[in-house]
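Observations on the model geometry
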Amino acid sequence: MKRRHVIAAIFLLAGLLLGCLPVFYALHQARQQAIGDKYRELDDVAQGLDRRVRNALVMLTRMHTEMSARGEAACSPAGIRHLQRVAARTQISIAALYMEDHRVVCSSSDPLMQQLVLGHASPKRADGIRVYSDARLPGVHDRSYAVLEKEGYALLVYPEGVIAPFVRADLSLGLFTPRNGLYSVRNGSVLDHWASSASTARASSRFLDADAGYLVVRHIMQGGDDGVIVATPIATIDARMARFGRWFIPAGIVIGLSVLASVLLLSRHQLSPRNQLLRALGKGHFFLLYQPLIDLHDGRCIGAEALLRWQYEEATVLLPDRFIPIAEESGLIQQITRQVLQLVEKDMSSFLRRMPTFRLAVNLAASDLQSEQTPGLLGEMLQNIGPGCGQFVVEATERALLEETSALSVLNAIRALGIELAIDDFGTGYSSLAYLATYPFDILKVDKSFTSTACTQAVTSQVAEHILDLAHTLGMQTLAEGIETTEQADFFRSRGVLYGQGYLFGRPMSAEALFQFVAADTRAYQPALHGQLPRGPVPSDTPPH
Ligand code: C2E
Ligand code: CA
Ligand code: CA
């Protein structure tokens, strides 16, 4: 996958994550928060139940100590009045009793209590209390009562009444004995195992019974003899979440998508061709290759054309046709030209100082020919290279001239610097002849489309000959581009063309390869006079190392 696609994929993924994560995270957090709130609510109910039961236990203990302190007989009139006061002050009791031998002797209310059938008694608890959990009153068949007894004094309690103030449709309530895990009363759906005397029997706990779908608070009262269960279905929370999600999820997705869109816009902006060009300029990803220019009459290398390349990715080099038009459209071409001149200076300075007649051709774009800054840039480059700086040539295409009428003053200023002017791709544009008369060109470069048909009977072959006649009449030097065969080279040489350029002589090559090419002076092309084919390896269009 190309790096650009990888970056786009990463941005997309990041956008998706950025978009969706907050929604799911917020929902998760909201659910946790709701569960936390619900546990606190259940705790409050458990505390309320705890207070109610504790009140009875405290009253029971107090009843015994107070009566002992008074020294009054339990069932004397004063003792009964005391039993009545205790009954009135105890939230959950129906009556206060005095008992002997598991029988009620007297009570705070009517004599009916003496007939109370106490049933089975629990062993004494750590707090000295004995519990009769299934006491019954004669004639009251549908209710069972509990009797809490300590040292003969007792309270008659209706367990359902203990929890009654807390009963709610969404709550499950239970009172249990942690020691044996048995409930004394329950309301709603209360499961046996919540009260079970497991290892955690003596500790209060909160837990989610996922199988049953309940949040449970298991509260053990002080002393560890009584326990309270308060539970609620988790569905109440999930219903709340569903209500919350109904607006939150769409809102979250809208926000997420906006984030995603912004990320995509940003990534598109980051990856826009213009930004890529700017980045390449900043990071020095452009480099030059040089293609030899050959004297067709003796095969000598008399110069080179600088051709721009973009090291786009590690293994990808882009040709100018891919990026020069974009640079022109996005207004970056002049920055690119500036960098080309800097690259020429870096690559060629010392070489050109030793080769004062070596022609070095650079390509200018339409907007370069319109900009008054261009001659200044070229002049600066010449100055930096120093005296004997070779023979520079500026190549301009017909298309560039067609668009820009102010090119004439710029071209004149360039020429005034001692730089030669070449008209490039000649014959491919419009009103070519007019240009030759208007602009001060020194060299005419015959486009390679003519070269490919030069030795054929095609009409364009004759056109090329007319172009050459015209150039010669105007006293211009001529150069044929795209020469790939000796026949083509011989053809142009026989038509008086001075110079040639093409794969036959050498492909665009690095500056070092060019220096070697010139030093070896291989004379790759031997004019037909000598009847030789090109010899020696032809350097290829490869980036410099
Ligand atoms: P051009 O100025 O006409 O350059 C000649 C093109 O023909 C080069 O393509 C070269 O590699 C190719 N060529 C040379 N010999 C042969 C051959 O024998 N056969 C064939 N088929 N092709 C040959 P390249 O390097 O891809 O450049 C394409 C165009 O990009 C150039 O056409 C020029 O107009 C533009 N260009 C190159 N460098 C620059 C630059 O620095 N600035 C500007 N503004 N334009 C540039
Ligand atoms: Ca050119
Ligand atoms: Ca050309």
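Report on the accompanying structure.

Scoring rules and cut-offs
Residues numbered from 1 in each chain as written. Chains lettered and ligands numbered in written order. Predicted model: local features only at pLDDT ≥ 70, side-chain atom pairs only at ≥ 80, totals over all residues. Heavy atoms only, no water. Near = heavy atom within 4 Å. Polar contact = N/O pair within 3.5 Å; in protein donor to acceptor, adjacent residues only side chain to side chain. Areas by Shrake-Rupley, 256 points an atom, 1.4 Å probe, with all protein chains shown as cover. Helix = DSSP H or I, 4+ residues; strand = E, 2+ residues; numbered from the N terminus. Nonpolar A, V, L, I, M, F, W, Y, C, P; charged D, E, K, R; others polar. Axes fitted to C-alpha atoms, helices over the stretch in contact; angles between N-to-C directions. Parallel < 35°, antiparallel > 145°, perpendicular 65-115°, else oblique. Left-handed = near helix turned anticlockwise from the far one by under 90°. Contact = heavy atoms within 4.5 Å. Donors = N, O, S within 2.8 Å, 3.2 Å for Na, K, Ca; no water. Buried < 20%, exposed > 50% of the residue type's maximum accessible area, 1.4 Å probe, protein only. Arc of directions from axis to C-beta. Pairing = 2+ DSSP bridges. Disulfide = S-S within 2.5 Å. Patch = residues over 30% accessible without salt bridge, like charges linked within 9 Å, V, L, I, M, F, W, Y side chains within 5 Å. Salt bridge = Lys/Arg side-chain N within 4 Å of Asp/Glu carboxyl O. Phe/Tyr/Trp six-rings, centres within 6.5 Å; stacked < 30°, edge-to-face > 60°. Lys NZ or Arg CZ within 6 Å of the ring centre and 35° of its normal. Right-handed = clockwise from strand over helix to strand, strands pointing away.

Re the site of ligand 1
Looking at ligand 1, there are 22 residues lining it, with Q291, R309, D424, E484 and Y503 nearest. In the environment of ligand 1, an oxygen atom lies 3.2 Å from a nitrogen or oxygen atom belonging to the side chain of D425. At a separation of 3.0 Å, an oxygen atom of ligand 1 approaches a polar side-chain atom of K448. Protein chains shield 87% of the accessible area of ligand 1, which is 790 Å² for the free molecule. Listing elements by their share of the shell around ligand 1, those giving two or more residues are β12 (301–313), α7 (320–329) and β16 (420–426). Per-element tally for the shell around ligand 1: the top contributor is β12, with four residues. In the shell around ligand 1, the residues fall into ten nonpolar, four polar and eight charged.

Thoughts on the packing of helix α6 (residues 273–283) against helix α8 (residues 333–354)
Packing of α6 against α8 leaves a shortest axis separation of 11 Å and a crossing angle of 25°. Between α6 and α8, the crossing angle belongs to the class labelled roughly parallel. Seen along the crossing, α6 lies across α8 with a hand that is left-handed. Contacts between α6 and α8 involve L277, L278 and L281 from the former and Q335, I336 and Q339 from the latter. Partitioned by chemical class, the residues of the contact of α6 with α8 number four nonpolar, two polar and no charged.

Comments concerning the coordination of the calcium ion (ligand 2)
Protein-derived ligands of the calcium ion (ligand 2) are E305 (OE), N363 (OD1), E395 (OE) and D424 (OD), with the metal-ligand distances lying across 2.1 to 2.2 Å. Between the calcium ion (ligand 2) and the calcium ion (ligand 3) the interatomic distance amounts to 4.2 Å, and D424 serves as a bridging ligand to the pair. A residue pair is termed long-range when its members are at least 10 positions apart, and N363 in strand β14 (residues 359–363) and D424 in strand β16 qualify at 61 residues. Note on D424: relative accessible area 4%, which makes it buried.

Considering helix α12 (residues 407–416)
The complete set of buried residues in α12 reads A407, V410, L411 and I414. Down the axis of α12, the buried set is contained in an arc of 100°. They therefore lie on one face. Trailing α12 by a residue or two, G418 shows a phi angle of about 90°, which is positive.

Considerations on the sheet that holds strand β1 (residues 93–100)
Read across the sheet, five strands follow the order β2-β1-β5-β4-β3 without closing on themselves; strand pairing throughout is antiparallel. Here the strands that pair on one side only, and so sit at the sheet edges, are β2 (103–107) and β3 (130–135). Ignoring strand direction, the axes of neighbouring strands in this sheet form an average angle of 35°. Pairing analysis gives five bridges linking strand β4 (residues 145–150) to strand β5 (residues 153–157), with the strands arranged antiparallel. Paired with A146 across the bridge in β5 is V157. Relative to the sheet, helix α2 (residues 77–89) contacts β1, β2 and β5, its axis offset from that of β1 by approximately 145°.

Observations regarding the state of the cysteines
Going through the model one piece at a time under the given rule, you end up with one disulfide. Bridging C75 to C106, the disulfide has an S-S length of 2.0 Å. Residues C75 and C106 share a disulfide whose torsion about the S-S bond is about -85°; that sign makes it left-handed. Linking C75 in the loop between α1 (3–70) and α2 with C106 in strand β2, this pair joins segments that are 31 residues apart in sequence.

Regarding a nonpolar patch on the surface
There is a patch of nonpolar side chains on the surface, built from L13, L17 and L21 and spanning about 310 Å² of accessible area. Take L13: its relative accessible area is 55%, and that puts it in the exposed class.

Quick notes on the pattern of salt bridges
Any two side chains of opposite charge can pair, given that their charged atoms come close. This structure, assessed with the given rule, holds 22 salt bridges. The partner of R359 in a salt bridge is E420, with the nearest N and O atoms 2.8 Å apart. Residue R359 is located in strand β14, and its partner E420 is located in strand β16; the two are separated by 61 residues in the primary sequence. Both residues of the pair, R359 and E420, belong to the buried class.

Brief notes about the packing of aromatic side chains
Throughout the structure, instances matching the rule amount to twelve aromatic pairs. Aromatic pair Y145 and Y158: ring centres 5.7 Å apart, planes at 50°, arrangement tilted. Of the two residues, Y145 sits in strand β4 while Y158 sits in the loop between β5 and α3 (159–163), which places them 13 residues apart along the sequence. When its relative accessible area of 6% is taken as the criterion, Y145 is described as buried. Since its relative accessible area comes to 19%, Y158 is described here as buried. Grouping aromatic residues by their ring pairs yields a cluster made of F286, W310, Y312 and F323. A cation over a ring is seen here: R507 above Y503, with NZ or CZ 4.0 Å from the ring centre.

So, the pairing of strand β18 (residues 477–480)
The two faces of β18 match: Q477 and L479 on one face and T478 and A480 on the other face are all buried. Two strands pair when backbone bridges link them, and strand β17 (residues 443–446) and β18 are joined in this way by four bridges, in the parallel orientation. Each bridged residue has a counterpart across the sheet, and for L444 the counterpart in β18 is T478. As paired strands, β18 and strand β19 (residues 499–500) are joined by two bridges and run parallel to one another. Among the inter-strand pairings, L479 is bridged to a residue of β19, identified as Y499. Tracing the backbone out of β18, into helix α16 (residues 486–494) and back to the parallel element β19 gives a crossover that is right-handed.

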